[in-house]
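Chain by chain, the residues:
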Amino acid sequence: MTVSIRHLDQDFAVEQTEATDKLVKILCELLANGEEREKCLSAQILGKFGTSTAHAALAEALRDEDEDVRSDAVEALISAGKGLDADVLLWSLQNDPVLEVKLSAIDGLAIVGGTVAEEWLTKLAKDRCEDDVTWDGYGAEWDDWLDVQRKSILALGTLKCEASAAALLEAARDPFGQEVWPEVTMALSEMGVAGLLELASLATDASARVREHTARALSSANDERVGEILRVLFADADPDVRVAAAEVLMARGEDADLAALLADSEPQMRRLALKASGKLSYSKLEKVAFEDEEETLRIMALGRIASSEITKPDALIERIERSLRSASDAFVAALVPVLAKVESEAATVLLSEIAVHRQEEAVLKAFIVLHGEKPSVDGLAVLQEQVTSAEQEIRLAALNSLAKLAEGEGDFADNAAVQLVWAVSGKLMPEAHDQDILDGAKEKDPSDLGSNGKGDGKQPRIQIDREGNVIEPQAPNEVVAEEEVVAEELSAEELVAKVTAGADPDVAEDVPEGAIESVEDLPDNVVAFPGSTLGAILNTEDEIEKLAEEPVDLGKKDMHFLELANELIEKKRVVPGRPDDPALDIRLLALRICGDAKRPELIDALVSALSDRQMQVRFAASQSLVHLVENGLELSEEAIERILALPPENDVAVRAMRVELLGTSSNPEAEKVVTAGLKDKTDAVSASALKVLAGKPDTNIDVRSYLKSPRRRLRVTALELVSANSDTSNLDEIFEAAQMENGVLIPGAATCLRCYAQGSVLGAMEQWLDGDLSRKLAALEVLNKYVA
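In this text the structure is predicted, and so the values were computed from the model without any measurement. Within any chain, residue numbers begin from 1 and follow the written order of that chain's sequence. Totals for whole chains, interfaces and linings use every residue, but because this is a predicted model, local features are given only for residues with pLDDT of at least 70 and side-chain atom pairs only at 80 or more, for both listing and counting. For side-chain calculations, the full set of non-hydrogen atoms in the structure is used, while hydrogens and water are omitted.

Participant: Whenever I open this one, helix H32 (residues 582-593) confuses me. Can you help?
Facilitator: The α-helix advances 3.6 residues per turn, and as a result positions three or four apart in sequence lie on the same side. Strands here mean DSSP runs of E at least two residues long; helices mean DSSP runs of H or I at least four residues long; both are numbered from the N terminus. Here the expected span of a helix is defined as 1.5 Å times the quantity of residues minus one. Here H32 is 12 residues long and its end C-alpha atoms lie 16 Å apart, about the 16 Å a rise of 1.5 Å per residue gives. A large share of H32 lies buried, amounting to 11 of its 12 residues. Turning to H32, its buried residues number three or more, namely Pro582, Ala583, Leu584, Asp585, Ile586, Arg587, Leu588, Leu589, Ala590, Leu591 and Ile593. Each residue gets one of three labels from its accessible area relative to the maximum for its type: buried under 20%, exposed over 50%, partly exposed in between, using a 1.4 Å probe on protein chains only.

The structure is reproduced here in structure tokens:
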């Protein structure tokens, strides 16, 4: 079947039809007599329909006993934006104790306006009006009037109530009041000429905080004279005021004196000048780059110099040479593109010296970026070398530069592509990391650590023998040299004496003279442990049972000794930020970077990586290939054959992407794999197969049947695939799918329903609302999302 998905318009609006009127009546009935949750959802939906019947029902709901219903009702009235009644809103403002209801009522009064609304908003901007306004008595920790005051001030600005300007200034200057200067200045900026005159007066206020708020409030004023006030503030003595004025000037698109900004004593002002898109004098940029106290500003200035025309290259190189000795890594890194811009012999020599003597990571990274933009033989050699760097940031920068080179044409592009292929194939190993491993594995020379590995003059460590007995340390003159110790084989007599020495007397008497010539001749009641690991392995269970020792009880001293011994275990060294396997990290980075390349050799390398033994490599390669396919790449038949020849995949995500890749081919074998994927036990694979098969015209797939699937991923995919058609029986299946798993797919179902005619959907809504409470709530939630 052919499936087409229509992308929904954000300006979706419900048409006023007979079905709409019927639905509004049902919602009004639920708002008046339903359960609390039904009332809240009905109020939210009625505000989106905007009919006179809906407005009347919402106005009546403002006196509901439940505060949540009242809050939803007043917000629904405000969201409708028309048909508001000032008297109804004023009643809620004065009599409803809930703060949210009061704030919403003020928003509504800012839309309605009128003399009465302005009068009450002005009163609330100055005073609590406790005799006429009901406040929540439970909010002892926070005074609700503070929020109402701020909201009222902003509403007066929206209404352009010039008569309230004096009252607002009085409230702002109240020494016992809260900080409302931001709201007052913002309201004045919207009041036209009268408010602008007040702001001009505030621009010379004694308080720097007031002047700063004035500057920021002018960002929303629409008047030609705003620029004059901002220029006065631009020359203010306080740096915060100057910064605010400069930011507002730039945000308004007005001309700011960048030269004055760059010469300002405040670093933030100079930073604004360097960020501005206007033209700056080269001499001033050079002065900031080499003389400013802030290193970040010097680096920013170098960035501007690198993108502008250099008028005095010889003088610039002299200044660079003088600053190199004491310059930081970041500053030297910023100098690299500047020197590359000069393109002179002296600059080339200086770049070579920097490359030799400054091997810091930031400088090296700057060179790597430069080599990706300006190809050269030496630069390509650097990139080839740094791809195997021990630092991940350097490896990533080198791979990115190689990818940029590979996008071009010629020998450099071909060589860069070859390097990327090697990186993808896992042929590159960081040599520095190998050396770290070897250094960490080197054995320490005991002679460097002194007596018993503890150093000269220190007490030797505790030593124990095989039986757990503590060996007392010997004096230095009693230590026997290794070369003097000769292991001699014990004779039969000595073996008998050694065995019977610790045995019971009865056992010793039972051993005749000359009876024991080897270990095999020992009596059964004498324990003989194997002398090798192989002997222990070859022992049978019965023999091991015979050799079992009596359990040993450990005392406090023994346990303390074991704790000390445990502390001597050498811990593995962990280097933060370094991957466990840098070679694998190089492959993964290269695989992801190649996801934007379209060179045939890189695509072949990605396909080859699909057969790698490591799951991470297969995942990254599959992800890049899927990205390329989504951007229009068509896999060749040879690539499809190679994918088909791959062994079965265990990872679910990789298997799902493999299905998606094979779904782009018309190969019969590939189609069999995709069809088999539809029956896969994992949701990701079966959903991927469903999406592929639903898009093929010659495949008969009943997408509707998957709306009832107990597997959520399949239901989500089915909702995405179901499109508008004449078969309205789909609506019931969509609603049933929305109800499953406690309504987790209600947003997706509502989006899917928008693909159908509104009349059919609203007619079905009437039937869905005629049911038990859970069905009603599900229908209301779907309808609320549908008309959003």
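Participant: Quick question: what am I supposed to make of the packing of aromatic side chains here?
Facilitator: Given two aromatic rings, one states the distance between the centres and the angle between the planes to describe the pair. When two rings of Phe, Tyr or Trp (its six-membered ring) have centres within 6.5 Å they constitute a pair, described as stacked for plane angles under 30 degrees, edge-to-face for angles over 60, and tilted for the intermediate range. The final tally for this structure, using the stated rule, is two aromatic pairs. Considering the side-chain rings of Phe290 and Phe331, the 6.1 Å spacing of their centres and the 80° angle between planes classify their relative orientation as edge-to-face. Within this pair, whereas Phe290 is found in helix H17 (residues 282-291), its partner Phe331 is found in helix H20 (residues 329-342), the two being separated by 41 residues in sequence. Since its relative accessible area comes to 16%, Phe290 is described here as buried. Residue Phe331 is classed as buried on the basis of its relative accessible area, which comes to 5%. Ring centres of Phe735 and Trp768 lie 4.3 Å apart, and the angle between their planes is 5°; this geometry places the pair in the stacked category. Pair noted here: Phe735 is in helix H40 (residues 730-743) and Trp768 is in helix H42 (residues 758-768), with a separation of 33 residues, a long-range link. Taking the relative accessible area as the measure of exposure, Trp768 reaches 1% and is therefore buried. The residue whose ring lies beneath Arg63 is Trp91, and the NZ or CZ to ring-centre distance is 4.0 Å. For a Lys NZ or an Arg CZ to count as sitting over a ring, it must be within 6 Å of the ring centre and within 35 degrees of the ring normal. Lying over the aromatic face of Trp135, Arg128 brings its terminal NZ or CZ to 5.3 Å of the ring centre.

Participant: Whenever I open this one, unusual backbone geometry confuses me. Can you help?
Facilitator: Of all residues except glycine, most have a negative phi; of all peptide bonds, most are trans. Positive phi, close to 55°, is recorded for Lys160, a residue that is not glycine. Among the structural elements, Lys160 can be located in the loop between helix H8 (144-158) and helix H9 (165-172). Of the residues examined, Lys160 reaches a relative accessible area of 51% and is grouped as exposed.

Participant: Help me understand helix H10 (residues 181-189) in this model?
Facilitator: Most of H10 sits out of view: seven of its nine residues are buried. Those residues of H10 lying buried are Trp181, Glu183, Val184, Thr185, Ala187, Leu188 and Ser189. Contacts between residues were defined by any pair of non-hydrogen atoms, one from each residue, lying within 4.5 Å. The inward-facing, buried residues of H10 abut H8, H9, helix H11 (193-202) and helix H12 (208-217).

Participant: Just checking my understanding: could you explain empty space enclosed by the protein for this structure?
Facilitator: Empty pockets left among the atoms are what a rolling probe the size of a water molecule brings to light. In this analysis the probe radius is 1.4 Å and the grid spacing 1 Å, with only protein atoms considered; a cavity is a set of points the probe fits into but cannot get out of, a pocket is an open set with protein on both sides within 12 Å along at least five of seven lines, and lining residues have an atom within 4 Å of a point. Grid points are joined across faces, edges and corners, and a volume is the space filled by probe spheres set on the points. As enumerated under the stated definition, the model contains one cavity of 30 Å³ or more in all. Along its surface, the largest cavity is lined by Leu610, Ser622, Ile643, Leu646, Val654, Arg658 and Leu661. Sorting elements by how many residues they give to the lining of the largest cavity places helix H36 (residues 652-662) first, with three residues. Here the residues of the lining of the largest cavity sort into five nonpolar, one polar and one charged. Three residue categories are used. Nonpolar comprises Ala, Val, Leu, Ile, Met, Phe, Trp, Tyr, Cys and Pro, charged comprises Asp, Glu, Lys and Arg, and polar comprises the others, including Gly.

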